[in-house]
Amino acid sequence: MTFDSLGNPNHEHQDTSKLLKDAPGIVPLLPMLYVAWADGMFTEEEFNIISTHLQAQPWFNETEKVLISRWLNPTTPPSPQQLQYWLELIQEIGQQVPPEKRKKLADLGLEIARIGTIEGYQRCSTPEVCAALDEVENALGVISNEVIEELLTTVPPPPPPAEQLPTPEFNIQQLQQVLDGEYPSLREEIKLLLSQPEFSYQYGLSRNEYREVVFNWVKKLANKGYGALSFPEEFGGKGDMGAFIAVFETLGYHDLSLLTKFGVQFGLFGGSILNLGTQKHHEKYLHQVADLTIAGCFAMTETGHGSNVRDIKTIARYDSATDEFIINTPEISARKDYIGNAALHGQLATVFAQLEINGKQYGVHAFLVPIRSASGSLMPGVHVEDNGEKMGLNGVDNGRIQFKDVRIPKENLLDRYAQISSQGEYSSSITSPSQRFFTMLGTLVGGRISIAAAALSAAKSALTIAVRYAYQRRQFAPPGNCEVKLIDYPSHQKRLIPRLAKTYAIHFALQKLIGLYSQQDQNNQREIEVLAAGLKAYSSWHTTDTIQEARESCGAQGYLAENRFASLKADSDIFTTFEGDNTVLLQLVAKGCLSDFRHSFAEMKFPGLIKYIARKASTTIQELNPVITRITDESHLRDFHFLLNAFRYREDHLLITAARRLKKRIDNGIDSFTAFSQCQNHLLALANAFVERVILEEFIHSVEKIEEESLGKILTKLIQLFGLAQLEKDKGWFLENGYIEGNKAKAIRREVEKLSHEIAPQAVHLTSAFGIPNALLAAPIALNLPHNQK
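This structure is a prediction, so every number in the text was calculated from the model and none was measured.

A.B. asks: I'd like a rundown of the overall build of the protein chain, residues and numbers included.
C.D. replies: When its secondary structure is counted, the protein chain shows 32 helices and 13 strands. Scored against the burial criterion, the 790 residues of the protein chain give a buried share of 53%. Of the contacts made within the protein chain by residues no fewer than 6 positions apart, 74% connect residues no fewer than 24 positions apart. Total accessible area computed for the protein chain in this model is approximately 34500 Å², and 52% of it derives from carbon and sulfur atoms.

Now the structure itself:
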């Protein structure tokens with residue numbers, strides 16, 4: 001049912017002037033009535049409260065009370081046409097009201113009544129009526145001056161100005177050179193190759209079609225020699241692991257199925273032969289691995305054992321009569337699972353199994369086991385099944401492998417660390433089985449480093465797309481103005497800019513780790529293993545978080561497959577659990593921290609121990625000084641020393657208290673495994689604190705070496721934002737432990753928002769410095785940016 005301008009049903013709409021004549025007492029209420037209905041925010045109960053209050057006022061006549069009852073009845077709302085009549089009346093007369101007399105809706109209504117109808121104004125301008133109108137306005141709960149400006153605006157908002165990016169405050173190409181590190185030319189080669197039409201993303205393929213596309217992509221990379229970069233020169237490579245990781249990291253800007261397939265073939269399978277095998281294996285296989293003549297698998301994970309490699313169940317029993325190993329899968333949980341290349345393409349697998357000789361167990365070793373012939377048929381005793389459709393990475397043919405009495409020659413043992421003589425006797429240069437096991441796994445740490453770097457590349461792609469979109473997409477506007485760009489909203493800035501700062505922080509930490517790994521020796525191997533575990537976990541978790549936030553920041557556009565968040569999200573999610581489950585890896589980091597702590601104490605003489613404890617006590621007293629815990633000024637909060645001291649204090653406190661808790665349990669007779677499990681969450685917090693401290697230190701160290709002032713200035717802000725954002729995230733711990741007080745926690749939050757606002761105008765240039773070509777981004781919402789750098 002509709003009503004005319006007086007609220008009478010079934011009549012034609014009448015001119016708004018009739019309202020002034022027949023119901024003048026209603027006129028002062030019109031602005032408030034219009035706002036109540038136009039915003040659509042009131043509940044039935046709220047309408048009833050206002051209606052009851054108004055009908056009790058003595059200045060309304062009976063006609064006006066009927067209208068109030070109708071217009072404040074949620075079951076009979078005014079029609080759109082009637083709301084339009086009200087708006088026209090408000091605008092027609094309200095624009096004649098001077099600004100100083102229309103600061104509130106009640107004032108505006110009274111002035112409309114004064115101009116339009118003397119009777120209405122005379123009846124409603126008494127102090128009692130004005131007070132009643134103010135009560136109604138307060139019940140609406142609106143910001144009156146903004147609402148009035150919007151009500152009286154009759155012209156459409158102006159079109160947005162011609163789009164133009166903010167002027168970069170630094171040289172983008174110089175920053176990209178810093179980020180590219182030692183291999184800028186190699187990275188550009190890979191980007192150029194991946195930008196060719198044959199590497200274009202393809203949607204809507206069947207699983208098998210997609211797998212073949214990815215396999216052909218890997219062949220093209222192999223033909224260019226990129227897979228062999230870490231192999232010795234005599235086998236077609238360059239002997240340069242750093243170059244291989246640079247290629248892998250750059251592939252992270254493209255389809256992650258290609259990345260994974262490439263990593264399985266050359267990093268895991270080829271790497272196992274290179275690092276666990278000896279010269280005879282290198283000569284026989286590396287050339288064929290490098291050019292993809294032999295497609296291989298890395299068969300470590302079992303259905304029942306992923307992270308716990310030491311207790312895998314696959315058996316390799318030595319048969320001295322034939323000088324062979326017999327490979328068996330003793331139970332269903334022992335089948336090799338999620339093995340890349342297994343379902344379709346794999347011909348040879350590096351199989352990790354428990355070595356058994358004459359009934360004696362010698363622990364996990366690696367064996368080369370043929371699973372398919374050159375024609376593609378399965379070898380006798382080998383059973384393979386497809387893992388099927390996965391959450392992501394469906395261009396990789398993951399499969400399950402089971403073995404039944406599969407015989408391989410003795411020379412197929414990868415025997416760098418253990419050998420079997422012609423008499424069937426076992427020997428190893430590493431006498432401790434535990435040390436031998438960890439040494440063997442330690443040679444594969446490059447996989448974790450590569451995953452950490454590639455995961456960060458996926459985060460960079462997501463941020464680049466989301467930031468570019470935020471510079472184009474406009475939403476909502478103040479009265480009389482054009483709509484505001486997303487990047488200009490503080491909430492949007494806080495969604496993206498701290499994650500951008502964190503991405504830069506992780507990048508510099510990984511750059512340092514890759515350098516250490518490329519030049520590793522026996523003195524820093526343990527350090528590299530701990531850092532690789534921690535940064536792999538931290539980087540991949542950051543990637544998962546960043547892609548999700550970037551997707552949400554792009555709204556429905558981010559949900560379209562063509563804008564790539566779907567594939568980035570689905571394909572990178574597994575990074576948090578392969579090459580080591582992140583939670584398990586952080587426990588490894590915590591053990592490393594505790595080992596270093598114990599080793600440091602063991603080496604200290606008594607005077608040194610006293611000095612160490614005194615230094616810690618002095619630091620604690622200084623850091624927990626009430627003056628320090630309360631300082632909130634900008635220069636203090638942004639100071640590198642404050643940030644470093646906070647990160648170090650947290651790590652030291654967690655380390656010392658964790659050691660104390662573990663020692664107490666062990667002293668009480670609890671075994672070390674149970675004691676460790678009981679303190680597990682504490683230890684995970686310690687590991688995270690260790691990793692974040694390392695990242696912050698390396699970020700600061702790397703930036704301090706940069707001589708270009710403009711680069712140093714923007715990167716300094718990113719350091720400050722990274723540090724403060726992590727303090728804000730973990731403020732509960734710092735408050736609980738008295739490191740900061742409540743007012744300082746609030747100041748940290750405000751500083752995070754302020755830094756995000758300061759950096760936001762440069763965010764698009766900071767993402768451009770990642771150097772991701774448009775052909776690899778390939779997201780339509782990221783390709784319309786004015787003055788694109790790439």
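Right, picking up where we left off after that structure.
A.B. asks: Which residues make up helix α12 (residues 207–223), and what values do they have?
C.D. replies: With 17 residues, α12 ought to run about 24 Å at 1.5 Å a step, and its terminal C-alpha atoms sit 25 Å apart, in line with that. Buried residues of α12: Tyr210, Arg211, Val213, Val214, Phe215, Trp217, Val218, Leu221 and Ala222, and no others. Following α12 by one or two positions, Gly225 adopts a phi angle in the positive range, close to 85°.

A.B. asks: Go over a positive patch on the surface, please, and point to the residues and values.
C.D. replies: On the surface, Lys731, Lys746, Arg749 and Arg750 cluster together into a patch of positive charge. Element by element, the count of residues in the positive patch is highest for helix α30 (residues 742–759), at three residues. Here Arg749 is to be found in helix α30. On the basis of relative accessibility, which here comes to 31%, the residue Arg749 falls in the partly exposed class.

A.B. asks: Any chance you could break down the packing of helix α13 (residues 241–251) against helix α17 (residues 446–472) for me, citing the residues and the numbers?
C.D. replies: The description of two helices packed together rests on the angle between their axes and the distance between the axes. Interhelical geometry of α13 versus α17 gives an angle of 35° and a closest axis separation of 8 Å. Where α13 crosses over α17, the two elements pack in a sense that is right-handed. For the pair α13 and α17, contact is made by Met241, Ile245, Phe248 and Glu249 and by Gly446, Ile449, Ser450, Ile451, Ala453, Ala454, Ser457 and Lys460, respectively. Residues that form the contact of α13 with α17 fall into these classes: seven nonpolar, three polar and two charged.

A.B. asks: Residue-level account of the sheet that holds strand β4 (residues 336–339), with values.
C.D. replies: Pairing is antiparallel across the open sheet formed by three strands, whose spatial order is β4-β8-β7. For this open sheet the edge positions go to β4 and β7 (382–386), each flanked by a neighbour on one side alone. Here the strands of the sheet are splayed against their neighbours by 25° on average, with no regard to which way each runs. When β4 meets strand β8 (residues 399–403), the two strands line up antiparallel, connected through two bridges. When the sheet's bridge partners are listed, Lys336 is paired in β8 with Ile401.

A.B. asks: Help me get a handle on helix α20 (residues 565–572), residues and values and all.
C.D. replies: Within α20 the residues assigned to the buried category are Phe565, Leu568, Ala570, Asp571 and Ser572. In the core, the buried residues of α20 are packed alongside α14 (256–276), α17 and α19 (525–553).

A.B. asks: I'd like a description of the nonpolar core, backed by residues and values.
C.D. replies: Counting 182 residues, the largest nonpolar core has Phe352 and Tyr504 as the members making the most contacts within it. It is α17 that provides the largest number of residues to this core, a total of 15 residues. Filtering out sequence-adjacent residues up to four positions away, Tyr504 remains in contact with Leu175, Leu179, Phe699, Leu715, Leu718, Leu766, Ala769 and Phe770. Among the nonpolar cores identified, the runner-up in size contains 41 residues, and Ile50, Trp86, Ala132 and Val147 belong to it.

A.B. asks: Go over the pattern of salt bridges, please, and point to the residues and values.
C.D. replies: Applying the stated criterion across every chain yields a total of 35 salt bridges. In this structure, Lys410 and Asp323 form a salt bridge, with 3.8 Å as the shortest nitrogen-oxygen distance. Of this pair, Lys410 sits in the loop between β9 (406–409) and β10 (419–420) while Asp323 sits in the loop between β2 (315–319) and β3 (324–328), and the two are 87 residues apart along the sequence. Given a relative accessible area of 17%, Lys410 falls into the buried group. In this structure, the salt-bridge partner of Asp730 is Arg650, at a minimum N-O distance of 2.9 Å. Taken together, the positions of Asp730 in the loop between α28 (709–729) and α29 (731–736) and Arg650 in helix α25 (residues 640–667) put the pair 80 residues apart, joining distant regions of the chain.

A.B. asks: Explain the packing of aromatic side chains to me, using residue names and the numbers behind them.
C.D. replies: Under the counting rule described, the total for this entry stands at 17 aromatic pairs. Between Trp733 and Phe734, the aromatic rings sit 5.1 Å apart at their centres with planes inclined by 85°, giving edge-to-face as the arrangement. Across the pair, exposure class does not vary: Trp733 and Phe734 are buried alike. Cluster of aromatic residues (ring-pair linked, three or more members): Phe244, Phe248, Phe262 and Phe266. Directly above the ring of Phe676 sits Lys591, whose terminal nitrogen or CZ lies 5.0 Å from the centroid. Note that Arg650 overlies the ring of Phe647, its terminal NZ or CZ placed 5.2 Å from the centroid.

A.B. asks: Describe unusual backbone geometry, listing the residues and the values that go with them.
C.D. replies: In the Ramachandran plot, Asp323 falls in the positive-phi region, its phi being about 60° despite a non-glycine side chain. In this model, Asn358 sits at a positive phi of 55°, which is unusual for a non-glycine residue. Residue position: Asn358 is located in the loop between β5 (348–357) and β6 (360–370).

Rules used in this analysis
- Residues numbered from 1 in each chain as written.
- Predicted model: local features only at pLDDT ≥ 70, side-chain atom pairs only at ≥ 80, totals over all residues.
- Heavy atoms only, no water.
- Helix = DSSP H or I, 4+ residues; strand = E, 2+ residues; numbered from the N terminus.
- Buried < 20%, exposed > 50% of the residue type's maximum accessible area, 1.4 Å probe, protein only.
- Contact = heavy atoms within 4.5 Å.
- Areas by Shrake-Rupley, 256 points an atom, 1.4 Å probe, with all protein chains shown as cover.
- Expected span 1.5 Å × (residues − 1).
- Patch = residues over 30% accessible without salt bridge, like charges linked within 9 Å, V, L, I, M, F, W, Y side chains within 5 Å.
- Salt bridge = Lys/Arg side-chain N within 4 Å of Asp/Glu carboxyl O.
- Lys, Arg positive; Asp, Glu negative; His and termini not counted.
- Charge placed at Lys NZ, Arg CZ, Asp CG, Glu CD.
- Axes fitted to C-alpha atoms, helices over the stretch in contact; angles between N-to-C directions.
- Left-handed = near helix turned anticlockwise from the far one by under 90°.
- Nonpolar A, V, L, I, M, F, W, Y, C, P; charged D, E, K, R; others polar.
- Pairing = 2+ DSSP bridges.
- Core = buried A, V, L, I, M, F, W, Y, C linked by side-chain atoms within 4.5 Å.
- Phe/Tyr/Trp six-rings, centres within 6.5 Å; stacked < 30°, edge-to-face > 60°.
- Lys NZ or Arg CZ within 6 Å of the ring centre and 35° of its normal.

So far we have only geometry, and geometry alone does not tell us how the molecule works.
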